[in-house]
Amino acid sequence: MSMSVLTVSLISSVSFGTYRNCLYNICRLRYGTSDAKPSKVDISLAGCTTGVVRVLLISPAEITKVRMQTQKPHHSVATSDHSSKPKYRGSMHCLKMIAKEEGLGGLYRGCSALLCRDCYSSALYFLTYSVLCDWLTPAGKSKPDILAVLVSGGCAGTLGWGVATPMDVIKSRLQADELGQHKYRGPMHCARESVKAEGLTVLFKGLGLNCIRAFPVNMVVFVTYEAVLRLAEHLTK
């Protein structure tokens, strides 16, 4: 559990750092200064780029999580003992087994679906937060207060996961498709087969839980983000 929390914290830190760096560079290139107010297109582009970086970082962790959650009992043929044991003994063992059996490319199985999920959802995530903060910030103030940050962050997280859930379902099914199964040929084939077998609602499995979880989590995430930004500004003055 501690490793999982550490991984999530590290990825969140890298994601927000990537977003700010992208936004600064976009503003510098377009307006000549990083202090310029970014447009909605700038924010969306920075968010999309952040999604790409996230995929490169989290894909091995994502496939490990999915394989650990969906693994079936593994029967040993070397002994007469017919008791079943898990195939993977832990996260690191799972990573090693995937790399050994499927190559390094196996760690990025379902990466195309993950790219689709994170690119547009990250763009919408940061754009929603920015638009709501602007809307909730009173005239004459340059920065949102804590209530505006809480509401904007919660709504951004909920909307981001709302649009990401269908591709998250497809991504998980592709990643659970172990070597030797190859049930799905790609994201579109996976979507068609899943809808054909289980109906359109299959693409929205876990939507309610994702959204309920996303609101409070992203309230805290964005309050922390704003606090760090303001502290950094104060220290550099």
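The model shown is predicted, which means the values in this text are computed figures rather than measured ones. (Residues numbered from 1 in each chain as written. Predicted model: local features only at pLDDT ≥ 70, side-chain atom pairs only at ≥ 80, totals over all residues. Heavy atoms only, no water.)

Some thoughts on the overall build of the chain
Of the regular secondary structure elements, the chain holds seven helices and two strands. Starting at the N terminus and ending at the C terminus, the chain contains elements arranged as α-α-β-β-α-α-α-α-α. Taken over 237 residues, the chain has a buried fraction of 38%. Sequence separation of at least 24 residues holds for 69% of the intrachain contacts in the chain that already meet a minimum separation of 6. (Helix = DSSP H or I, 4+ residues; strand = E, 2+ residues; numbered from the N terminus. Buried < 20%, exposed > 50% of the residue type's maximum accessible area, 1.4 Å probe, protein only. Contact = heavy atoms within 4.5 Å.)

So, a nonpolar patch on the surface
A cluster of nonpolar residues, Trp-135, Leu-136, Ile-146, Leu-147 and Val-151, forms a patch on the protein surface that exposes about 540 Å² of accessible area. Of the residues forming the nonpolar patch, the biggest block, three residues, is contributed by helix α5 (residues 146-176). Within the secondary structure, Trp-135 sits in helix α4 (residues 111-136). (Patch = residues over 30% accessible without salt bridge, like charges linked within 9 Å, V, L, I, M, F, W, Y side chains within 5 Å. Areas by Shrake-Rupley, 256 points an atom, 1.4 Å probe, with all protein chains shown as cover. Salt bridge = Lys/Arg side-chain N within 4 Å of Asp/Glu carboxyl O.)

Observations concerning the environment of Cys-94
On the secondary structure map, Cys-94 appears in helix α3 (residues 91-102). When the C-alpha atoms of Cys-94 and Ala-61 are compared, they prove to be 10.0 Å apart, with 33 residues separating the residues in sequence. With residues up to four places along the chain from it excluded, the contact list for Cys-94 reads Thr-64, Arg-67, Met-68 and Tyr-88.

What to know about the nonpolar core
For soluble globular proteins, nonpolar side chains are generally found buried alongside one another. Core analysis: the largest hydrophobic core is formed by 16 residues, its most contacted members being Tyr-19, Phe-126 and Phe-222. For this core, the secondary structure elements donating two or more residues are α1 (2-31), α2 (40-70), α4, α5 and α7 (207-236). The leading source of residues in this core is α1, at five residues. Excluding its chain neighbours within four sequence positions, the residues that come into contact with Tyr-19 are Ile-43, Ala-46, Gly-47, Thr-50, Phe-126 and Tyr-225. (Core = buried A, V, L, I, M, F, W, Y, C linked by side-chain atoms within 4.5 Å.)

A closer look at the pattern of salt bridges
By the definition in use, this model includes 15 salt bridges. When the shortest N-O distance is used, the salt bridge between Arg-67 and Glu-102 registers 2.9 Å. Of this pair, Arg-67 sits in helix α2 while Glu-102 sits in helix α3, placing them 35 residues apart in sequence. Glu-102 matches Arg-67 in its accessibility class, with the two residues each being buried. Of the charged contacts in the structure, one is a salt bridge between Arg-117 and Asp-118, with a shortest N-O distance of 2.7 Å. We note that Arg-117, like Asp-118, is buried.

Let's talk about the environment of Gln-175
Tracing the backbone shows Gln-175 in helix α5. With relative accessibility at 0%, the residue Gln-175 sits in the buried group. Sequence spacing of Gln-175 and Pro-60 is 115 residues, and the spatial spacing of their C-alpha atoms is 10.0 Å. Every residue in contact with Gln-175, bar those within four places of it in the chain, is listed here: Ser-59, Glu-62, Ile-63, Val-66, Arg-67, Arg-109 and Gly-110. In terms of polar contacts, Gln-175 uses its side chain to reach the backbone carbonyl oxygen of Arg-109, at 3.4 Å. (Polar contact = N/O pair within 3.5 Å; in protein donor to acceptor, adjacent residues only side chain to side chain.)

Considering the side chain of His-93
In this fold, His-93 is placed in helix α3. A polar atom in the side chain of His-93 sits 3.1 Å from the backbone nitrogen of Arg-89.

Focus: the layout of surface pockets
Considered as a void within the structure, the second largest pocket measures approximately 1,100 Å³ in volume. Lining of the second largest pocket is provided by 38 residues; of these, Arg-20, Leu-23, Tyr-225, Glu-226 and Leu-229 occupy positions nearest its centre. Sorting the residues of the lining of the second largest pocket by element identifies α1, α2, α4 and α7 as the ones contributing at least two each. In terms of residue count, α1 provides more of the lining of the second largest pocket than any other element does, ten residues in total. (1 Å grid on protein atoms, 1.4 Å probe; cavity = no way out; pocket = protein on both sides within 12 Å on 5 of 7 lines; lining within 4 Å. Points joined across faces, edges and corners; volume = space filled by probe spheres on them.)

What to know about the side chain of Ser-194
Mapped onto the fold, Ser-194 is located in helix α6 (residues 187-198). Since its relative accessible area comes to 2%, Ser-194 is described here as buried. Once you skip the residues sitting within four places of it in the chain, Ser-194 turns out to touch Arg-173, Tyr-184, Gly-199 and Val-202.

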